[in-house]
Amino acid sequence: GAGVSQSPSNKVTEKGKDVELRCDPISGHTALYWYRQRLGQGLEFLIYFQGNSAPDKSGLPSDRFSAERTGESVSTLTIQRTQQEDSAVYLCASSLERGGIDTQYFGPGTRLTVL
Amino acid sequence: AQSVTQLGSHVSVSEGALVLLRCNYSSSVPPYLFWYVQYPNQGLQLLLKYTTGATLVKGINGFEAEFKKSETSFHLTKPSAHMSDAAEYFCAVSASGNTPLVFGKGTRLSVIA
């Protein structure tokens, strides 16, 4: 079946502009995660949605970052007033969350470059 | 809190040689441990995971890892490297199921013909 998809695959923007990144999780997956991968670094957790619960926003680096999820489907990560340090690959993952240790399935990522 | 240290940002092996990628973790609770692989321009793919039970975990593509609590390690091995194994490998830990993963910085594996 279809995996996690993300769009756009690449985004170049100017400093100070707002950007929106989209994630389409695997159908039926109740949990959705956003991570950031900066050059030479591991993945950093940003935000986590699980069903109808309030999202875990503890990883968001500043109030310029926000995310929404429509039900158990699409999620959008918004970065306002982008800065050069926001340049990174933004990865989305989803999992089924049946109560066990469910695998997180990752999308291909969106590479964001802030000039 | 959890953390992961991957020793060696770049490992190079000859085709057919043993692959050993090192991962040490820190966790205040019994950890769940994962290895992911990332091929160029692709998302991460799960290689294997340890939750409970048998400490030697077998994954896809001939990889395996052993959970050693006394050493707080979860090293990834493969007896014989193949050219297609060239990729970036990430070790990750979580405190419980279905929580955000804490990743190491990754190890890039090169395989030399």
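First things first, this report covers the structure right here in the doc.

The rules behind the values
- Residues numbered from 1 in each chain as written.
- Chains lettered and ligands numbered in written order.
- Predicted model: local features only at pLDDT ≥ 70, side-chain atom pairs only at ≥ 80, totals over all residues.
- Heavy atoms only, no water.
- 1 Å grid on protein atoms, 1.4 Å probe; cavity = no way out; pocket = protein on both sides within 12 Å on 5 of 7 lines; lining within 4 Å.
- Points joined across faces, edges and corners; volume = space filled by probe spheres on them.
- Helix = DSSP H or I, 4+ residues; strand = E, 2+ residues; numbered from the N terminus.
- Nonpolar A, V, L, I, M, F, W, Y, C, P; charged D, E, K, R; others polar.
- Pairing = 2+ DSSP bridges.
- Axes fitted to C-alpha atoms, helices over the stretch in contact; angles between N-to-C directions.

The next point concerns the layout of surface pockets. In this model, the largest pocket occupies a volume close to 710 Å³. Every residue lining the largest pocket is counted, 30 residues in all, and those nearest its centre are Gln37(A), Val89(A), Arg111(A), Gln38(B) and Arg108(B). Within the residue set of the lining of the largest pocket, elements represented by two or more residues are strand S8 (88-95) and strand S10 (110-114) of chain A together with strand S9 (87-94) of chain B. The leading source of residues in the lining of the largest pocket is S10(A), at four residues. Along the lines of polarity and charge, the residues of the lining of the largest pocket split into eight nonpolar, 17 polar and five charged. There is about 180 Å³ of room inside the second largest pocket. If you trace the second largest pocket, you find it lined by Tyr25(B), Ser27(B), Val29(B), Pro30(B), Pro31(B), Tyr32(B), Tyr50(B), Thr51(B), Thr52(B), Phe67(B), Lys69(B) and Thr72(B).

Within a sheet, neighbouring strands are paired by backbone hydrogen bonds and run either parallel or antiparallel to one another. All names here are of chain A. The four strands are arranged S1-S3-S7-S6 in an open sheet whose pairing can be described as antiparallel. Whereas interior strands pair on both sides, the edge strands pair on one side only; in this sheet they are strand S1 (5-7) and strand S6 (65-69). Here the average twist between neighbouring strands, direction ignored, is 15 degrees. Taken together, the five bridges between strand S3 (residues 19-24) and strand S7 (residues 75-79) define a ladder with antiparallel strand orientation. What sits directly across from Val19, in S7, is Ile79.

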